[in-house]
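# A look at the structure
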Amino acid sequence: MPTRRTLVAALLAGGIGASVVEPLRSGLDRFAPLSGDVWDAATDSVPETVATPYGEATVRYDDQGVPTIAADDEDSLYFAVGYVHAADRLFQMDLIRRRMRGELSAAVGEQTVESDLFHRQMDFATAAEANWELLSGTSAGEAVAAHAAGVNAFRRRRSDPLEFRLLGYEPEPWTPVDSMLIQKQISWGLTGDFTSLRRATIADAFGAETADRIAPRRYDHDAAILRSRRPDVSFADGTAGSAGGSGAGDLAGWLAGFEWPDGVGSNSWVVGGEHTESGLPLLANDPHLTLLAPPVWYEMHHELPDHSVSGVTFPGQPFVVIGENDAGAWGFTNAGLDVLDVYDYEIDGEQYRYGDEWRSFDTRTETVAVSGGRDREVTVRKTVHGPLLERRGQRVGVAWTGLTAGRTARAVRGLNRSDGRDEAVAALSMFDQPTQNAVYADRDGNTHYHVTGLVPIRRTDGEAVAGDRIFDGSAQEGEWAGYEPYGQPDFESDGWIPFEDKPHADDPALLATANQRVVADAASEYYLSDGYSAPWRGQRLYDRLDELVAADTPLTPADSRALQLDSYDRRAALFVPEILAARPAMSDRARSLADELVDWDFRMVRDSRAALVFALFLDHYRQRVFGPLFDAAGLDRELVPNDWILLHLDADDPWFRDPPIGEPRERESLLAAAVADTAAEIDAEGYERYGDYNRTEIDHPFDLGFLNYPEYPTDGSPATLRNVRVESGVGSSYRLLARFDGERSLSVLPGGNDGDYFSDHYADQLRAWADGEYSPLTPSLTGSPSIRFRPGGGDSA
Amino acid sequence: MLAGTVGALLATVHWSGLLAGGALVGLAWPTLRRAVLAGLGFGIAVVALFALELALGGSLVATLRMGVFGLVPVVVSIVAAPLGATVRGLVPDATAGD
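The structure contained in this document is the topic of the report that follows. Quantities reported herein were computed from a predicted structural model and do not represent experimental measurements. (Residues numbered from 1 in each chain as written. Chains lettered and ligands numbered in written order. Predicted model: local features only at pLDDT ≥ 70, side-chain atom pairs only at ≥ 80, totals over all residues.)

## Let's talk about helix α16 (residues 536-550) of chain A
In this model α16 of chain A runs 21 Å from its N-terminal to its C-terminal C-alpha over 15 residues, within 8% of the 21 Å that 1.5 Å per residue would give. Buried residues along α16 of chain A sit against β4 (265-271), β25 (510-513) and α18 (570-581) of chain A. (Helix = DSSP H or I, 4+ residues; strand = E, 2+ residues; numbered from the N terminus. Expected span 1.5 Å × (residues − 1). Contact = placed C-beta atoms within 7 Å.)

## Section: the sheet that holds strand β23 (residues 479-480) of chain A
Residues and elements named next belong to chain A. Read across the open sheet, the 3 strands follow the order β21-β20-β23; overall the sheet is antiparallel. Where the open sheet ends on each side, the last strands, each with one partner, are β21 (463-464) and β23. Inspection of the sheet shows strand β20 (residues 458-460) paired to β23 by 2 bridges, in the antiparallel sense. Residue pairing across strands places Arg458 opposite Trp480, the latter belonging to β23. (Pairing = 2+ DSSP bridges.)

## Thoughts on the packing of helix α4 (residues 74-101) of chain A against helix α10 (residues 176-191) of chain A
Residue and element names in this part refer to chain A. The contact between α4 and α10 brings their axes to 9 Å, and the two run at 75 degrees. When the interaxial angle is binned, α4 and α10 end up roughly perpendicular. In this structure, α4 contributes Ile96, Arg97, Met100 and Arg101 to the contact, and α10 contributes Asp178, Leu181, Ile182, Lys184 and Gln185. (Axes fitted to C-alpha atoms, helices over the stretch in contact; angles between N-to-C directions. Parallel < 35°, antiparallel > 145°, perpendicular 65-115°, else oblique.)

## Brief notes about the interface of chain B and chain A
Counting residues at the interface gives 29 residues for chain B and 17 residues for chain A. Sort the elements by how many residues they give to the side of chain B that touches chain A and helix α5 (residues 68-85) of chain B lands first, with 9 residues. Its residues assigned to classes, the side of chain B that touches chain A comprises 19 nonpolar, 8 polar and 2 charged. (Nonpolar A, V, L, I, M, F, W, Y, C, P; charged D, E, K, R; others polar.)

## A short note on the nonpolar core
One recurring pattern in soluble globular proteins: nonpolar side chains tend to sit buried together. All names here are of chain A. One finds Ile69, Ala80, Tyr83, Phe614 and Val675 to be the most contacted residues of the largest nonpolar core, which totals 250 residues. Both domain 1 (4-189) and domain 2 (570-693) contribute no fewer than three residues apiece to this core. Residue contacts for Tyr83: discarding those within four places in its chain leaves Val50, Gly150, Val151, Ala153 and Phe154. (Core = buried A, V, L, I, M, F, W, Y, C linked by C-beta atoms within 7 Å. Buried ≥ 20, exposed ≤ 12 C-beta atoms within 10 Å, placed from the backbone. Domains from an automatic or database assignment.)

## Notes on the pairing of strand β7 (residues 308-313) of chain A
Along any regular strand, the residues point their side chains to alternate faces of the sheet. Residue and element names in this part refer to chain A. With 5 of 6 residues buried, β7 is to be regarded as a mostly interior element. Strand direction decides the pairing type here: strand β6 (residues 298-303) and β7, joined by 6 bridges, are antiparallel. Within the sheet, the bridge partner assigned to Tyr298 lies in β7 and is Thr313. Counted between consecutive antiparallel strands, the loop separating β6 from β7 contains 4 residues. Here β7 pairs with strand β8 (residues 322-325) via 4 bridges, running antiparallel. Each bridged residue has a counterpart across the sheet, and for Ser310 the counterpart in β8 is Glu324.

## A few points about the sheet that holds strand β13 (residues 357-360) of chain A
Strand pairs in the sheet, formed through backbone hydrogen bonds, run parallel or antiparallel to each other. Residues and elements named next belong to chain A. Taken together, 3 strands build an open sheet; the order of strands is β11-β12-β13 and the sheet is antiparallel. The sheet is open, and its two edges are formed by β11 (347-348) and β13, each paired on a single side. Here 4 bridges tie strand β12 (residues 351-354) to β13, and the two strands are oriented antiparallel to one another. The partner of Tyr354 across the bridge, within β13, is Glu357.

## Describing unusual backbone geometry
Residues and elements named next belong to chain A. Note that the residue after Ala293, namely Pro294, is joined by a cis bond; omega there is -10 degrees. Here Pro294 lies in the loop between β5 (282-290) and β6. Note the cis peptide between Gln433 and Pro434, where omega equals -5 degrees. Checked against the element boundaries, Pro434 lands in the loop between α15 (421-428) and β18 (436-442). The phi torsion at Asp507 lies on the positive side, around 50 degrees, for a residue other than glycine. Note that Asp507 resides in the loop between β24 (504-506) and β25. Here Asp507 falls in the partly exposed class, since 16 other C-beta atoms lie within 10 Å of it.

In short, the description is geometric, and any link to function would need to be established separately.
Here's what the structure looks like:
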């Protein structure tokens, strides 16, 4: 008989961890043949008929498990959407709401305690409640409620997905507030950004002058989204502020763990009919998010009598977020606007000074349950600005637009229902969180670009100021008028940039967004951002689009596709000459490796050896250039500058010649050493070409081998339009190529639509994604439905 | 045969059915050694039935890919059923020794 230890060890072999220590009996309940709970997940199937409290609806799946939901009215449709979301992604939905509520540890145990502590301090849950309060009573609110009822209809079948059975718990009922949390998650991921804290931490460690160079606010380039004829003046400003001396690195490093990983961003472009072969616009979007099993997005088609929509949804929210309807198509990329401010206070015990008065923190003690472990207590404190984040003695207050209620669900519903550009733009004006670059095009040839979202005009003593520093909250610096954390904001307040004044373009003939600077600071009346993404992709996009437009032949959908799959890496174009110039300083082995970069076309394709060398070199070079100094300063290596800074440090830069810590170094030696490191790594790992290293490594949250996706070699790098970042598992989480000329738009998901491990559609699109292929975005309108929703029964809750 | 069928039915409801099924099958044999062998046969039959159930549900391959997790039901069955059959050892043999 296997001992308890060996059986438990078998259960734990994949790495769920000590948190899932369960008595033997419970293990047998789950894994015994025939009776085992886990195997029900292997043999359950979705029933053909489901009772609904609303009207009829049908679901038809295509050969990739992408469903088409058809109904006569919205509530009936969204009930079915909720049901299907649950059938295919319930565990993912539960995981997200648990993460945002700070209740992960209750399900999975010890290893998520830090995450729960952070999410409790931020109290996203109360913000989501405020959002629901604003939304309920609206048509969008009814849709969310119908969707939740659909989720619960599935949940009541007790046909729980495999992951629940492995962990041994059942999902709680789904509520509209949970749907609001889904939106908070994406908003946080895209705009929860502690750049000012990070910059202040670097300034504390290395001095303000160094910080201005290695953590600048702006990059020098001419490819802003809204290009102008004026030079893009860099935004020079004073101090970064102080993060509060020692211990600050700790807080910044800790918070960096809750920001989404480097590389989260996206591409989009819109080309007007005057430049295209069809005379109608082309639109493309590929959001770069964490690549997960199952994917962040869930693809579907919605069919109503008065409109049909196709594209991707977030499981847990009813509407199509990126996609197309009968009238037009739209996409989003992260704008990088500054919607989060950090505050310092004079604190005395449980009080902080705010202006002339002393106020008490709004304090609450909560318990974080830990499955298989010791429960934790966390004290949640709030100031007038929002949550007080605490870490090893350092405390800062945070204001973030996502902590206040927003109308985004109404905006997305509006987009789904829009009958053209004007209605779409009206919908976008309510898209409060997250701030995004929105592009739109319709069948009549209209195009539009608009920055969306609440953007605060922060003021000190009534004067507008930049938000790129830590504010003295006690002195009432950086105030956001109209902002109400955990409540309803005043949307009409002069504390927000008006929609008309946000950067936008009416009927642009050509516009591309890739998270780069939105508009030159000198061309903007308002402070917008304390840092955009480096313009590797932005520059490449505009270079290629300008070339295509300048050439005599009009743009075709094939051009759009080629652009989305472009793997030309501008980092390589910039820096390979420097590597080659340093060859005399290299060892023989390193030099022969560097020689492989000669005559390279700078494309990061999986069959390329040069791409392999360059990709590995970059990581080693970055570690050698920044690592020792950041370590010596006690700073987390998470805080090191990005490749734009790294590769623009010329040999005479003070970072080498006169460093803030340690002895001067020669850039050439560091270069040579990095190539040597690369050679060693290539030999150790046995890599031959880029695809040996650059593979899809898309993991399920459990990181159990069989639940992770297969690994496929793929083209692209963190800096190319065709985007993939192996180290942090980020990349093009969806690819959409929209066209209006009668042919189908194209799309692909990096994975499978169905989160059910036992489904044929668990990972069936991944290879196509890795190979640069697409499928037509075609609803299934004929054939007998997989599921019919019959009225007269079920609960509307 | 009857004991085996009853045992299999019990096992679909709860894992204790593996023990009970093994016991039922084992008790039908004259000696402990043959009882345990019969129990093992029952355990193997349960695994085959399980595999069939998965195959009918289209999940056999996916289960095989689960590695150690997919192995647990096999181990459990092949251990529990003969274990159940050892109950035969509590009952005096029909013939003395074997």
